[in-house]
Amino acid sequence: MINEIKIIDPEFTRPLKYNFLDRFLLNLINDERDLPFVHLILKIGLTLIPLAVILYLPIMPVIWWPLALIYIGYNLLALNGPYTLALHCTSHRACFKPKYKILNEIIPLVLGPFFGQSPGTYYSHHIGMHHAENNLEDDLSSTMTYQRDSLKDFLKYFATFFFGVIAQLVNYHHLRKRFKMRDKVLKGELFFVVLCITLMILNFKATIAVFVLPFILIRLIMMIGNWTQHAFVDFDEPGNCYKNSITCVNTPYNNICFNDGYHINHHLKPTMHYSAYPEHFKQTINDFGTNKALVFNDFHYLQIWICLMNKNYKKLASHLLNINHEFANADDAISVMKSRTHKMPVRGINARNYKAGLAGVS
């Protein structure tokens, strides 16, 4: 275990001078700290999308297949992570000013299909459902009822999400009379299906490479991410954000994906700017220690997921930050981690009555 560290994850530092392009872009956005999102939009628009268009042109197979491999690799390895977390951040905090609000549709509607995101479904799931339910039993992506260090249970979890989440999400919002959210899911998923079918008629193999493959892979990647973020859930306090999630610090992943490792902090402060999470973590570190929160140093979600699937708790413990020496030793930490991965029975706990219970106690 690790007792002391220095946080080196990205925080905002205002440049001494903005270039001409950035000065223009600053007039369009709400927060200067969001310039990286606009840079990413431009990067995708100038590189990935032209390559996608080329794949639909009648070119020789000897040229098409290498280009397709380049497209898939560039999409999945270089851009999909940053894009998905830009979508995440801008879903919580609108990037563009109200008078340019139409530009807020670029990330989810225009770019989304290239990264496997049907327009509107991410927002309706993440903002409209997941944060409201906090991984408790009404959360459609809750991990509570699965053994969270079991590959078999993960595959069940993934299959449930992949084949059933849209119908479940529509029903979730319908029952709560959130008809705009419901319709956003229906319209977005239908748009994506019609788009793919139409483009398959035009060019089947290009549509598979450009739209269908990213769609399949991103839903797998997102479920690995959500599973790992909520793999460790305290049996007695499943709604305690310190005890139902994890935080990953000092990992290159945070530099690439907008501090996404700070998942506990994100659930505590969903609308906080991503660049402020490292400072928020430092300011609240004693609360992390008191709750025996699981904070991993230089270890990201995929690495943690692999360790869980192999039940390699010693490796996990070697990257665990022992805040204020709350864990007596590595064996104590491993015991806590194992206890938080156990399958939990359905107990009728949802976010609303859990919070009400906490209020009653206080």
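So, a few notes on the structure that sits alongside this text. Counting starts from 1 at the beginning of each chain's written sequence and moves along it residue by residue. The predicted origin of the model limits local features to residues at a pLDDT of at least 70 and limits the giving and counting of side-chain atom pairs to 80 or more, whereas totals for whole chains, interfaces and linings rest on all residues. Each side-chain value is derived from all of the structure's non-hydrogen atoms; neither hydrogens nor water enter the calculation.

**Overview of the packing of aromatic side chains**
- Any Phe, Tyr or Trp ring, taking Trp's six-membered ring, that has another such ring centre within 6.5 Å forms a pair; planes under 30 degrees apart are called stacked, those over 60 apart edge-to-face, and the others tilted. The full count for this structure, using the stated rule, is 21 aromatic pairs.
- Ring geometry for Phe232 and Phe296: centres 6.2 Å apart, planes at 35°, overall tilted. Taken together, the residues span a long stretch of sequence, with Phe232 in the loop between helix H8 (204–229) and strand E1 (246–249) and Phe296 in strand E2 (residues 294–297) at a distance of 64 residues. For the pair formed by Phe232 and Phe296, the shared burial category is buried.
- Site record: aromatic cluster; members linked through ring pairs are Tyr146, Phe154, Tyr157, Trp227 and Trp305.
- We count a charge as sitting over a ring when the NZ of a lysine or the CZ of an arginine lies within 6 Å of the ring centre and within 35 degrees of the ring normal. Over the aromatic face of Tyr123 sits the side chain of Lys184, whose NZ or CZ is 5.6 Å from the ring centroid.
- Directly above the aromatic system of Trp64 lies the positively charged group of Lys205, at a separation of 4.4 Å from the ring centroid. Helix and strand definitions follow DSSP, with helices as H or I runs of at least four residues and strands as E runs of at least two, each counted in order from the N terminus. Here's how the labels work: a residue is buried when its accessible area is under 20% of the maximum for its type, exposed when over 50%, partly exposed in between, all with a 1.4 Å probe on protein chains only.

**Points about the packing of H8 against helix H13 (residues 301–309)**
- Each axis is a line fitted through C-alpha atoms, and for a helix only the stretch in contact is used; angles between axes span 0 to 180 degrees, taken between their N-to-C directions. Following both chains from N to C, one finds H8 and H13 inclined at 75°, their axes separated by 9 Å at the closest point. When the axes of H8 and H13 are compared, the pair comes out roughly perpendicular. Residues Ile224, Trp227, Thr228 and Gln229 of H8 form the contact with H13, whose own contacting residues are Tyr301, Leu302, Ile304, Trp305 and Met309.
- A class-by-class count of the residues in the contact of H8 with H13 yields seven nonpolar, two polar and no charged. Just so you know how the angles are binned, under 35 degrees is roughly parallel, over 145 roughly antiparallel, 65 to 115 roughly perpendicular, and the rest oblique. Should any heavy atoms of two residues lie within 4.5 Å, those residues are counted as being in contact. Residues are grouped as follows: nonpolar covers Ala, Val, Leu, Ile, Met, Phe, Trp, Tyr, Cys and Pro; charged covers Asp, Glu, Lys and Arg; every other residue, Gly included, is treated as polar.

**Focus: the side chain of His88**
- Within the fold, His88 resides in helix H3 (residues 61–92).
- If we ignore the near neighbours within four places in the chain, the residues touching His88 are Tyr122, His126, Asp260 and His266.

**Some remarks on the pattern of salt bridges**
- By salt bridge we mean one thing: a side-chain nitrogen of Lys or Arg within 4 Å of a carboxyl oxygen of Asp or Glu. Counting across every chain of the model gives 11 salt bridges.
- The partner of Glu32 in a salt bridge is Arg14, and the shortest N-O contact between them spans 2.4 Å. Pair noted here: Glu32 is in the loop between helix H1 (20–26) and helix H2 (35–55) and Arg14 is in the segment before H1, with a separation of 18 residues, a long-range link.
- The exposure class assigned to Glu32 is partly exposed, which follows from its relative accessible area of 22%.
- For Arg14, a relative accessible area of 52% gives the class exposed.
- Arg33 is paired through a salt bridge with Asp31; the nearest N and O atoms lie 2.6 Å apart.
- Classification of Arg33 as partly exposed rests on a relative accessible area of 23%.
- Overlapping salt bridges bring together Glu11, Glu279 and Lys282 as one network.

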